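Examining the three-dimensional arrangement
Read off the chains here:
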Amino acid sequence: MGMFRSLGSQPSIKHCHPAAERNKEPILQALKKYIDVNKKGYLLEISSGSGQHVTHFAPNFPNITFQPTEMEISSLKSINEYIADYSNGNIKKTQFLDAREPLDNWLDGTLKSGSVDYILNINLVHISEWACSEGLFKGAGELLKKDGYLFTYGPYSFNGSITPQSNIDFNATLKARNPSWGFRDVHRELEPLAKENGIVLEGKHELPANNHFLVWRKK
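Residues numbered from 1 in each chain as written. Predicted model: local features only at pLDDT ≥ 70, side-chain atom pairs only at ≥ 80, totals over all residues. Heavy atoms only, no water.

Per an unreviewed UniProt entry, the recorded name for the chain is Methyltransferase-like 26, and the organism is Nezara viridula. Note on the chain: under the UniProt heading Sequence similarities (unreviewed entry), the record states "Belongs to the UPF0585 family." (UniProt positions renumbered as here; feature names shortened; annotations may be inferred.)

Structural notes on the pairing of strand β9 (residues 211–218)
For β9, the buried fraction is high: seven of the eight residues fall into the buried class. One ladder, built from six bridges, connects strand β7 (residues 144–154) with β9; its direction is antiparallel. For Thr152, the partnering residue across the bridge sits in β9 and is Leu214. Examined bridge by bridge, strand β8 (residues 199–207) and β9 share eight bridges and lie antiparallel to one another. Considered in β9, the bridge of Gly203 is made with Val215. (Buried < 20%, exposed > 50% of the residue type's maximum accessible area, 1.4 Å probe, protein only. Helix = DSSP H or I, 4+ residues; strand = E, 2+ residues; numbered from the N terminus. Pairing = 2+ DSSP bridges.)

Details of the layout of surface pockets
Remark: the empty space left among the atoms is shown by a probe the size of a water molecule rolled over them. Put simply, the largest pocket is a space of about 990 Å³. If you go around the largest pocket, you meet 39 residues; those closest to its centre are Ser47, Ile122, Asn123, Leu124 and Ile127. Among the elements of the structure, α1 (18–31), β4 (64–70) and α3 (73–84) are those that each provide at least two residues to the lining of the largest pocket. Among the elements that take part in the lining of the largest pocket, α1 stands out by supplying five residues, more than any other. Its residues assigned to classes, the lining of the largest pocket shows 18 nonpolar, 15 polar and six charged. Here the second largest pocket defines a volume of roughly 190 Å³. Looking at the second largest pocket, the residues that line it are Tyr34, Asp36, Lys39, Lys40, Asp117, Tyr118, Lys145, Lys146, Asp147, Gly148, Tyr149 and Arg217. (1 Å grid on protein atoms, 1.4 Å probe; cavity = no way out; pocket = protein on both sides within 12 Å on 5 of 7 lines; lining within 4 Å. Points joined across faces, edges and corners; volume = space filled by probe spheres on them. Nonpolar A, V, L, I, M, F, W, Y, C, P; charged D, E, K, R; others polar.)

Observations concerning the environment of Tyr34
Within the secondary structure, Tyr34 is located in the loop between α1 and β3 (41–46). For the pair Tyr34 and Tyr149, spaced 115 residues apart in sequence, the C-alpha to C-alpha distance is 8.2 Å. Beyond its immediate chain neighbours, meaning those up to four positions away, Tyr34 contacts Tyr118, Tyr149, Phe151, Gly203, His205, Phe213 and Val215. Within the structure, the side chain of Tyr34 is placed 2.7 Å from the side chain of His205, a separation counted as a polar contact. (Contact = heavy atoms within 4.5 Å. Polar contact = N/O pair within 3.5 Å; in protein donor to acceptor, adjacent residues only side chain to side chain.)

Focus: α1
Helix length check: α1 (14 residues) gives 20 Å between terminal C-alpha atoms against 20 Å at 1.5 Å per residue, within 8%. At Lys24, α1 is bent by approximately 35°, the largest bend along its length, and proline Pro26 sits one to four residues beyond. Residues of α1 that are buried include every one of Ala20, Asn23, Lys24, Ile27, Leu28, Ala30 and Leu31, and no others. (Expected span 1.5 Å × (residues − 1). Bend = angle between axes of the 7 residues up to and from the residue.)

Here we look at the side chain of Ser78
Within the secondary structure, Ser78 is located in helix α3. Non-local contacts of Ser78, meaning those with residues more than four positions away in its chain, are made with Ile13, Lys14, His15 and Ser50.

Spelled out as structure tokens, the structure:
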């Protein structure tokens, strides 16, 4: 479902994904364990999707500036429509970002090394090629401040095991759609990639629908 609203001279679609509606509150509760609500900070969201997440999270962290990003044009428009209906003022206009591109291209090179407090990535790692995960962790290693957090959310494999059967089936469906997609193994693939970029896995939270919220930290 979506609803139409004029944005400038062209119509755009405000997307509403049922899965995002279901998972936004559990993810918010996980974020609350790590984001300091009393300290000003900057959160970069990579692959912001529809905009449902960022406009749900931001009111809970008024001292945090949220920067949503996307690479799909329809999603960029949807996010900006959600932001247009949001009144707190701590969400910046969404920007184009392709995690596969060199860091100099991210937000037109305006992001400086060690300038970001938090990076958030929801449901990208398993529905993208491996180069996106490589770019995500490389970007986090460069942009995060010391002890800054990278949060990732989605379904994963752990030491070669995928559970339950519904996740096994989902992984097979993803690979049938695109052989470069699929669940990434936290310990065999993502942790070594993180280590290459000065990042360690600090926390793991089980969330509904067989997803995990992973907490990574720059050391």
